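Chains, contacts and geometry: an overview
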Amino acid sequence: MAFDLFSAKGTPLEQQRFTWRDMVGKPISKLDDDAFTRVRIILMNGIETEALRFQHMAQRMSRELRQSLARTRRTEQHQATMVNWLIGPDHSPLETTIAYEQVAIEVTAAVAQTEPDPYIAQTYRFGLLEDFDHLYRYAALLDRMEGKDANNILQSYTDILPGRPTVEEHRSPIDDMREPYDCRKAAPITKLHALTIAGSEYQTHDYYMNIGPLFADPVARQLYAEIASIEEQHVTQYGSLLDPQETLLEQWLLHEATEVYNYYSCVEQETNPRVKAIWERFLDYELGHFHHVAELFKQHEKRDPAELFPGTLPEPIRFASQRDFVRQVLAQEVDLRANGTQFVSQSQESQASIDYRAQINADGSPSETVAAGYIWTPGTELNRKVTVAV
Ligand SMILES: [Fe+2]
Ligand SMILES: [Fe+2]
Ligand SMILES: [Fe+2]
């Protein structure tokens, strides 16, 4: 069904209301809800926290937009709460980590396949092979520390295998830079994709930074420190896809459009009726934001928002297992490396990255230690050993 951003008016900002009780509802079930319901929840929390982060930065750069920013930000805050509190306490922080990596793999893979710009699609494929390896390392940690099978979270939608080895993902900051899209020429979907993945990676980074220190196990503490550093690289990579020539208001409008587009994608595919009702409500709230900012855009910039978004929203992001695509990318591109903004073969990697990696890994590699000899086995590694002994 085609969705028109301009004809759907949504809920006006002044009618976007919450109470503590409705904001903090019943969480989803870890095992009974479909894994893609959790994928959508984590993704939308990433989108909401990106909206909040951006609007705080914007306040520091614009006096005249401050009141509008403060008003929309209050809704973003409560949306983020309502969404993120759907994750229940039955998820251990490490199990939630597994789910975060599933989001990074499946959503980035879906986006990579519909991205019209070939260089930017390549960037998504490059990043997803790294998150794919994080999943394998964290699955080993979950198995070996908590005695749990990561596939209970993944529900067989996502493979647990090595990707581009995390130990090799450490690069010079200069090699995490990418060429931005051109805001005057890029397709609307390219802009929506870039903000979606940048927001999603940012929250993954922040999540690891917050929970890493909570672990007692020294390898777990080091592993979170190591993978948080790669997530910082990913935020640098995806953030550099955004065109710095976009004005502040243009960027804000794009953020609201990204929220609309993602909630629309969730509404179209949600299987849990209670969660679907939240997506529908927030789709309307985001349309309210979009129209509010579109008015500001017209007033302050004397430009027509339709120049950025002609016609209807693109097809929704596909929330489904992208296993075959991921396997194909793994087989063909695992050996790619980065040199400046370009993707190159292993032999052409920059000396700066080789040197950086040698230094940061000088005292050993947590991601190698945690997964030494690890092969994912249904029902945990212990189960495999017992079977062999019998
Ligand atoms: Fe929002
Ligand atoms: Fe990542
Ligand atoms: Fe918003």
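Described in the following lines is the structure provided in the data block. (Residues numbered from 1 in each chain as written. Chains lettered and ligands numbered in written order. Predicted model: local features only at pLDDT ≥ 70, side-chain atom pairs only at ≥ 80, totals over all residues. Heavy atoms only, no water.)

**Description of the coordination of the iron ion (ligand 3)**
Surrounding the iron ion (ligand 3) are the protein donor atoms E76 (OE), E76 (OE), E256 (OE), E259 (OE), E286 (OE) and H289 (ND1), which sit 2.1 to 2.8 Å from the metal. Each donor residue of the iron ion (ligand 3) belongs to the same chain, with the gaps between them written as E-x179-E-x2-E-x26-E-x2-H. The distance between the iron ion (ligand 3) and the iron ion (ligand 1) comes to 3.3 Å, with E76 serving as a donor to both metals. Taken together, the residues span a long stretch of sequence, with E259 in helix α9 (residues 248–269) and E286 in helix α10 (residues 273–301) at a distance of 27 residues. Take E259 and E286: they sit in the same class, and that class is buried. (Donors = N, O, S within 2.8 Å, 3.2 Å for Na, K, Ca; no water. Helix = DSSP H or I, 4+ residues; strand = E, 2+ residues; numbered from the N terminus. Buried < 20%, exposed > 50% of the residue type's maximum accessible area, 1.4 Å probe, protein only.)

**Comments concerning the pattern of salt bridges**
Inspection of the entire model under this criterion finds 25 salt bridges. The partner of E130 in a salt bridge is R171, and the shortest N-O contact between them spans 2.8 Å. Here the residue E130 occupies a position in helix α5 (residues 118–146), and R171 occupies one in the loop between α6 (151–154) and α7 (188–211), the gap between them amounting to 41 residues. Where R137 meets E368, a salt bridge forms, and the shortest distance between an N and an O atom there is 3.5 Å. A residue pair is termed long-range when its members are at least 10 positions apart, and R137 in helix α5 and E368 in helix α13 (residues 366–370) qualify at 231 residues. Judged by relative accessible area, which is 6%, R137 ranks as buried. (Salt bridge = Lys/Arg side-chain N within 4 Å of Asp/Glu carboxyl O.)

**Examining the coordination of the iron ion (ligand 2)**
The iron ion (ligand 2) binds to the protein through D131 (OD), D131 (OD), E201 (OE), E231 (OE) and H234 (ND1); the donor distances cover 2.0 to 2.6 Å. Between consecutive donors of the iron ion (ligand 2), the numbers of intervening residues give the motif D-x69-E-x29-E-x2-H. With E231 and H234 both in helix α8 (residues 218–239) and 3 residues apart, this pair spans about one turn of that helix.

**Structural notes on the packing of helix α2 (residues 35–61) against α10**
Across the interface, α2 lies against α10 with an axial gap of 12 Å and an inter-helix angle of 25°. With respect to their mutual orientation, α2 and α10 come out roughly parallel. Taken as a pair, α2 and α10 cross one another with a handedness that is left-handed. Together, T37, R40, I41, M44 and E48 of α2 and V275, W279 and E286 of α10 make up the contact between the two elements. Of the residues in the contact of α2 with α10, the class split is 4 nonpolar, 1 polar and 3 charged. (Axes fitted to C-alpha atoms, helices over the stretch in contact; angles between N-to-C directions. Parallel < 35°, antiparallel > 145°, perpendicular 65-115°, else oblique. Left-handed = near helix turned anticlockwise from the far one by under 90°. Contact = heavy atoms within 4.5 Å. Nonpolar A, V, L, I, M, F, W, Y, C, P; charged D, E, K, R; others polar.)

**So, α7**
Its 24 residues give α7 an end-to-end C-alpha distance of 35 Å, which sits within 8% of 34 Å, the value for a rise of 1.5 Å per residue. Burial runs high along α7: 19 of the 24 residues are buried. (Expected span 1.5 Å × (residues − 1).)

**Things to note about the side chain of T97**
By the element assignment, T97 lies in helix α4 (residues 93–114). Residue T97 is classed as buried on the basis of its relative accessible area of 0%. Apart from the residues lying within four places of it in its own chain, the contact partners of T97 are Y138, Y207, Y208, I211 and Y224.

Don't take any of this as a statement about function, it's just geometry.
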